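Here is what each chain is made of, one letter per residue.
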Amino acid sequence: MSDITQSNSQTTQFDELPDAPPKRKIKLSWAGKTGVVVLIFWAIIVAIGPMIAPYYEGDILDEELFMVPGGDEYPDTDFQPPSKIVYLGTDYLGRDTLSRILYGARTTIGISFIATLWAYAIGVTLGIAAAVGSKLLDMTLSRLNDAVLAIPSLMLALVMIAALGSTIPLLILLTGIIYAASVFRIARSLGQEVMVSDFVEAARVRGEGLWWIITREILPNIAMPLATDFGLRFVWIILFISALSFLGLGVQPPMSDWGSMVKENLPGLIYGSIAPIVPSLAIATLTISVNMIVDDISAHSGGKLAKRMIS
Amino acid sequence: MLWRAVVGRIGISIVTLWVVSLMIFGMTNLLPGDIAQIMLGQMATPENTAALREKLGLDKPAHIQYLVWLGNVAMGDLGISKAGLGAGLGTPIVEMLGPRAFNTLRLTVWVSVIAIPVSLAIGLIAAMHPGTRLDRTVTFSTLSLISVPDFLVATFLVLIFAVYLGWLPSIVFLRGGESGWLLIKTLAMPILTLVIVVSAQIIRMTRATVLNVMSSPYIEMAILKGVPRRKIILRHALLNAIGPIVNVIALNLAWLVGGVVVVETIFAYPGLAKLMIEAVLLRDPPLVQACAMIFCTVYVVLIFIADMASILSNPRLRHPK
């Protein structure tokens, strides 16, 4: 019986050229597909959000907008419920929640995305350097990395922001450095795995240079797990930046950002305002959908990623 | 061989701590403001500021200051809190840390006692029935929980229990000396928040770990020879998954000690993380250094425990390549 299965697998294997890279088929479940749709939706908002926003993010709306026809009382504009004038109500200063969400998408997603890219640039570069470099280099980088990992990230950010002030470039720089530590760990272990493989040995015997091995053998082989990890890291960074904003250390007013929108409008909860709920939902839909896509992909890559996340 | 591995890990931990101390010292020196001037307040004249700087050793170059500080910390002397206490006096940091550390410890112990058994059980049950509706419910809800910010979980709990139901206070106000029912009520909200956040992680990882072990050849063998599924999980899979699971728990506990910042802030809980935030805001470098060192030490120790657990549970790791 084993003979039959073996010959079967032989024939299927030679349907394509033996040295062709294996085709990667990713079939997403309904959860993953929903995730992709939500992600595309937010990407569009990031692109055109400020253009379709009914008001400017810092605009405190006029009382006259909310005047009941016929009445002559000026109503309070803060924590207005949703209506035809403000589709998602107003916040604690009487600003339009919808417009702030649309502007905030660019701030929150933009900052997090650039910070993730930055973390990857540092983490992957150093991680591969540690994987292919000398033992001393590996040792030095790894200990430095352990040290960064050992300091709670929020605390590290807290001290640095207290020392240097809270500006958006600093926020991106800092978040990138903090999260580069975990990217380093993964890139290094993935790189090491590839470095000891037979095909790298073959390439070395052929006389290929280190740069050739890195770009042609290592990077293509670690790209897929790194891409999946990118999704996870992106979620962590969104949550991290939101937490910083929530503590009042992240994005500064009057710019809108989803984390600080939750914080500013917390008192509104008591009056039943949806102003703090809407940005919370915005964060949640974005992060949950990215995680659902990542989950789907890692389930199809044989749980290898799950294993790596644990160790 | 086992001892060599243990000693090696201890060495790595110590080196890590040393690098951490360097980084912390460097970072706190970036904090703006002259401490001597802050301490003297309105009484600061150029002469007595200089005198105080000399007394505190601030006139020495940074590397000497670092060595003095490191020596003191190694001897258990964390120094004197410098800011916000008028001229010269200041409180020894060890005294300030005591009650705060007790509070954070109390929170962490409660959370672990509740979260670890519950989430291990849920993770195991989900892994026993993969693909069922129960498993999908668990997977989806934990995925959602790890995707939302922890301040959101806290906010919704406040909304439900403090605003609508009115059962629990929305901030923690510890007078000291509470006991029994009152204490439980006061601590319930921060504990619940942390339990939810931490459990979601542990459940996911327990499930993933057990499922991962379930795909190994010896489990296949056990299935083929007809061992019932429940027995396979409890006798074969779980025992082999203990190492990774302890790892996950240790990592989550480490997160708990440092990551409580948001929760302690929301509920105004007087713990270590809040003390450190206050210290940063008050520009009190010695206190920041002390708190940071405590957090990092706890983290390094927990990671060490996690490493040890995986070495002990997996004989193959006892012989490092």
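Please read all numbers here as calculations on a predicted model, not as lab measurements.

### Notes on the overall build of chain A
Right, so step 1: Helix and strand counts for chain A come out as 11 helices and zero strands.
Right, so step 2: Going from N to C terminus, chain A has its helices and strands arranged as α-α-α-α-α-α-α-α-α-α-α.
Right, so step 3: Contacts spanning at least 24 positions in sequence make up 70% of the contacts within chain A whose residues lie at least 6 apart.

### Structural notes on the overall build of chain B
Right, so step 1: For chain B, the helix and strand inventory stands at 13 helices and zero strands.
Right, so step 2: In chain B, the order of α-helices and β-strands from amino to carboxyl end is α-α-α-α-α-α-α-α-α-α-α-α-α.
Right, so step 3: Across the 321 residues of chain B, 39% fall into the buried class.
Right, so step 4: Relative to all contacts within chain B whose residues are 6 or more apart in sequence, the contacts with residues 24 or more apart total 71%.

### Focus on unusual backbone geometry
Residues and elements named next belong to chain B.
Right, so step 1: If you check the backbone angles, alanine 268 has positive phi at about 50° while not being a glycine.
Right, so step 2: Structurally, alanine 268 can be placed in the loop between α11 (261-266) and α12 (272-281).
Right, so step 3: The exposure class of alanine 268 is partly exposed, given the 13 C-beta atoms found within 10 Å.

### Looking at the environment of Thr287(A)
Right, so step 1: Tracing the sequence through the fold places Thr287(A) in helix α10 (residues 277-300).
Right, so step 2: Counting along the chain gives 133 residues from Thr287(A) to Leu154(A), while the straight-line C-alpha distance between them is 19 Å.
Right, so step 3: Aside from chain neighbours lying at most four places away, what touches Thr287(A) is Val235(A), Ile238(A), Leu239(A), Ser147(B) and Val148(B).

### Examining helix α7 (residues 198-206) of chain A
Right, so step 1: Counting buried residues along α7(A), only zero of its nine residues qualify, which leaves the element largely exposed.
Right, so step 2: A positive backbone phi angle near 95° is found at Gly207(A), which sits one or two residues after α7(A).

### Here's the deal with the interface of chain A and chain B
Right, so step 1: Counting residues at the interface gives 39 residues for chain A, matched by 41 residues for chain B.
Right, so step 2: Of all the secondary structure elements, the ones that give two or more residues to the side of chain A that touches chain B are α4 (135-150), α5 (153-164), α8 (210-246), α10 and α11 (304-310) of chain A.
Right, so step 3: Residues belonging to the side of chain A that touches chain B are distributed by class as follows: 29 nonpolar, six polar and four charged.

### Concerning the packing of α4(A) against helix α6 (residues 168-195) of chain A
Packed helices, taken two at a time, are described by their axes: the angle between them and the distance between them.
Residues and elements named next belong to chain A.
Right, so step 1: Running from amino to carboxyl end, α4 crosses α6 at an angle of 130°, the nearest separation of the two axes being 9 Å. Regarding the angle of α4 to α6, the classification is oblique. For the crossing formed where α4 meets α6, the hand is left-handed. In contact with Asn145, Val148 and Leu149 of α4, α6 contributes Ile178, Ala181, Ser182, Phe184 and Arg185.
Right, so step 2: Grouping the constituent residues of the contact of α4 with α6 by class yields five nonpolar, two polar and one charged.

### A closer look at the environment of Leu152(B)
Right, so step 1: Secondary-structure assignment places Leu152(B) in helix α7 (residues 150-164).
Right, so step 2: Distance from Leu152(B) to Thr193(B), taken between C-alpha atoms, is 9.5 Å for residues 41 residues apart in sequence.

### With respect to the confidence of the model for chain A
Residue and element names in this part refer to chain A.
Right, so step 1: When pLDDT is averaged along chain A, the result is 77, and 81% of the positions lie at 70 or above.
Right, so step 2: The weakest mean pLDDT in chain A belongs to α11 at 43; the strongest belongs to helix α3 (residues 97-132) at 89.
Right, so step 3: Low confidence marks residues 1-16, where pLDDT is under 50. Its contacts with residues over four positions away, or in another chain, come to zero contacts.
Right, so step 4: Segment residues 303-311 is flagged for pLDDT under 50; beyond a separation of four residues in sequence, or across chains, it makes 18 contacts in the model.

### What about the packing of helix α2 (residues 30-52) of chain A against α3(A)?
Residue and element names in this part refer to chain A.
Right, so step 1: For the pair α2 and α3, interaxial distance at closest approach is 7 Å and the crossing angle is 135°. Judged by the angle between their axes, α2 and α3 are oblique. Once α2 is placed against α3, the crossing between them reads as left-handed. Between α2 and α3, the residues in contact are Trp42, Ile45, Val46, Gly49, Pro50 and Ile52 and Leu102, Tyr103, Ala105, Arg106, Ile109 and Gly110, respectively.
Right, so step 2: Partitioned by chemical class, the residues of the contact of α2 with α3 number nine nonpolar, two polar and one charged.

### So, the environment of Leu168(B)
Residues and elements named next belong to chain B.
Right, so step 1: Tracing the backbone through its elements, the reader meets leucine 168 in the loop between α7 and α8 (180-214).
Right, so step 2: Along the chain, leucine 168 and valine 158 lie 10 residues apart, while their C-alpha atoms are 8.3 Å from each other.
Right, so step 3: Each residue touching leucine 168, except ones within four places of it in the same chain, is listed here: Phe161, Ala162, Lys185, Ala188 and Met189.

### Describing the confidence of the model for chain B
Residue and element names in this part refer to chain B.
Right, so step 1: The predicted model of chain B has a mean per-residue pLDDT of 77, with 81% of residues at 70 or higher.
Right, so step 2: Confidence, read as mean pLDDT per element, is least for helix α2 (residues 35-40) in chain B (64) and greatest for helix α6 (residues 133-147) (85).
Right, so step 3: Confidence over residues 84-88 falls short of pLDDT 50; this stretch has eight contacts with residues more than four positions distant or in other chains.
Right, so step 4: Interface predicted TM-score (ipTM) for the complex: 0.75; the corresponding pTM is 0.79.

### Some details on α3(A)
Right, so step 1: Between its terminal C-alpha atoms α3(A) stretches 51 Å, which fits the 52 Å expected from 36 residues at 1.5 Å a residue.
Right, so step 2: Of all the bends in α3(A), the greatest, near 35°, is centred on Gly104(A).

The rules behind the values
- Residues numbered from 1 in each chain as written.
- Chains lettered and ligands numbered in written order.
- Predicted model: local features only at pLDDT ≥ 70, side-chain atom pairs only at ≥ 80, totals over all residues.
- Helix = DSSP H or I, 4+ residues; strand = E, 2+ residues; numbered from the N terminus.
- Contact = placed C-beta atoms within 7 Å.
- Buried ≥ 20, exposed ≤ 12 C-beta atoms within 10 Å, placed from the backbone.
- Nonpolar A, V, L, I, M, F, W, Y, C, P; charged D, E, K, R; others polar.
- Axes fitted to C-alpha atoms, helices over the stretch in contact; angles between N-to-C directions.
- Parallel < 35°, antiparallel > 145°, perpendicular 65-115°, else oblique.
- Left-handed = near helix turned anticlockwise from the far one by under 90°.
- pLDDT = per-residue confidence, 0-100.
- Expected span 1.5 Å × (residues − 1).
- Bend = angle between axes of the 7 residues up to and from the residue.

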